[in-house]
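# Working through the structure, step by step
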Amino acid sequence: MKSIYVIRHCEAEGQPPESPLTNKGLKQAIDLAAFFDNIKVERIISSPYKRAIQTIQPLAKKLNVEIEINSQLTERVLSTNHLSDWFEKLRTTFEDFEIKFEGGESSQDAVKRILNVVEDSFTGEFENTLIVTHGNLMSLLLNHYNKEFGFDEWLNLSNPDVYL
């Protein structure tokens, strides 16, 4: 049976793609590598964001497994405009998967992106694959498989977080 581990990146200094992990996040990445000590990881796919790559680098180095960069795993953009009420707008996107704000991506479109990566992994040759991504995108994926996973569960995610 194939296993796909979906990982939210460790603690980062910010939201931009180039934001690195904090010192705490770098320590979390080492702990994350240890978490997978007894799991035969064969494939690692990561968002191109610096914080995602740094999250999985210690494990990839330890196992000598290449990190495949996949832009379909980037965080979902809610809007390209500054939204003072972004929190409520984000909540709305968990209720209405088709709603889209200016310059942003609907939940439905975001789910399609990450599902492409997940489905490719299920049909691929490897038994154990790690997918490193971001909280909102990961939450939408988890909601796809479990409708009980919604906005409140997104709020309670940690950095890092791992789901099988």
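Before any of the text, the structure's been laid out above.
Rules used in this analysis
Residues numbered from 1 in each chain as written. Predicted model: local features only at pLDDT ≥ 70, side-chain atom pairs only at ≥ 80, totals over all residues. Heavy atoms only, no water. Axes fitted to C-alpha atoms, helices over the stretch in contact; angles between N-to-C directions. Helix = DSSP H or I, 4+ residues; strand = E, 2+ residues; numbered from the N terminus. Parallel < 35°, antiparallel > 145°, perpendicular 65-115°, else oblique. Left-handed = near helix turned anticlockwise from the far one by under 90°. Contact = heavy atoms within 4.5 Å. Nonpolar A, V, L, I, M, F, W, Y, C, P; charged D, E, K, R; others polar. Salt bridge = Lys/Arg side-chain N within 4 Å of Asp/Glu carboxyl O. Buried < 20%, exposed > 50% of the residue type's maximum accessible area, 1.4 Å probe, protein only. Expected span 1.5 Å × (residues − 1). Bend = angle between axes of the 7 residues up to and from the residue. 1 Å grid on protein atoms, 1.4 Å probe; cavity = no way out; pocket = protein on both sides within 12 Å on 5 of 7 lines; lining within 4 Å. Points joined across faces, edges and corners; volume = space filled by probe spheres on them.

Before going further, it helps to examine the packing of helix α1 (residues 23-35) against helix α2 (residues 50-63). Where α1 meets α2, the closest approach of the two axes is 8 Å, and the angle between their N-to-C directions is 40°. One element, α1, and the other, α2, form an angle in the oblique class. For the pair α1 and α2, the crossing hand works out as right-handed. On α2, the residues that touch Leu26, Ala29, Ile30, Leu32, Ala33 and Ala34 of α1 are Gln54, Thr55, Ile56, Pro58, Leu59 and Lys62. Taken together, the residues that form the contact of α1 with α2 break down as 9 nonpolar, 2 polar and 1 charged.

Tallied over the entire structure, the rule returns 10 salt bridges. A salt bridge links Glu42 to Lys40; the nearest nitrogen and oxygen atoms lie 3.7 Å apart. Given a relative accessible area of 24%, Glu42 falls into the partly exposed group. For the salt bridge of Lys89 with Asp85, the shortest nitrogen-to-oxygen distance reads 2.8 Å. On the basis of relative accessible area, Lys89 is assigned to the partly exposed category, the value being 21%. A relative accessible area of 35% means that Asp85 is categorised as partly exposed. The network of salt bridges with shared partners includes Arg43, Glu68 and Asp120.

Next up on the list: the side chain of His134. Tracing the backbone shows His134 in the loop between β4 (128-133) and α5 (135-145). On the basis of relative accessible area, His134 is assigned to the buried category, the value being 1%. Other than its neighbours up to four places away in sequence, His134 contacts Arg8, His9, Ser47, Tyr49, Arg51, Ala52, Leu73, Thr74 and Glu75.

What follows deals with the environment of Pro17. Looking at where Pro17 falls in the secondary structure, it is placed in the loop between β1 (3-8) and α1. Here Pro17 falls in the partly exposed class, since its relative accessible area comes to 41%. In this structure Pro17 touches Tyr49, Lys50 and Arg51, once residues within four positions along its chain are discounted.

What follows is about the packing of helix α4 (residues 107-123) against α5. Where α4 meets α5, the closest approach of the two axes is 9 Å, and the angle between their N-to-C directions is 75°. When the interaxial angle is binned, α4 and α5 end up roughly perpendicular. Residues Ser107, Ala110, Val111, Arg113, Ile114, Leu115, Val118 and Phe122 of α4 form the contact with α5, whose participating residues are Leu137, Leu140, Leu141, His144 and Tyr145. Class assignment of the residues belonging to the contact of α4 with α5 gives a composition of 10 nonpolar, 2 polar and 1 charged.

Moving on, we come to α2. Between its terminal C-alpha atoms α2 stretches 20 Å, which fits the 20 Å expected from 14 residues at 1.5 Å a residue. The sharpest bend along α2 measures roughly 40° and falls at Gln57, with the proline Pro58 sitting one to four residues further on. When α2 is considered as a whole, its buried residues turn out to be Arg51, Ala52, Ile53, Gln54, Thr55, Ile56, Leu59 and Ala60. Residues of α2 that are buried make contact with β1, α1, β2 (43-46), β3 (67-69) and β4. Following α2 by one or two positions, Asn64 adopts a phi angle in the positive range, close to 55°.

Here we come to the layout of surface pockets. Considered as a void within the structure, the largest pocket measures approximately 670 Å³ in volume. Around the largest pocket, the lining is made up of 25 residues, and of these Gln15, Glu75, Arg76, Leu78 and Trp86 lie nearest the centre. Elements that contribute at least two residues to the lining of the largest pocket include exactly α3 (86-95) and α5. When its residues are assigned to classes, the lining of the largest pocket shows 10 nonpolar, 10 polar and 5 charged.

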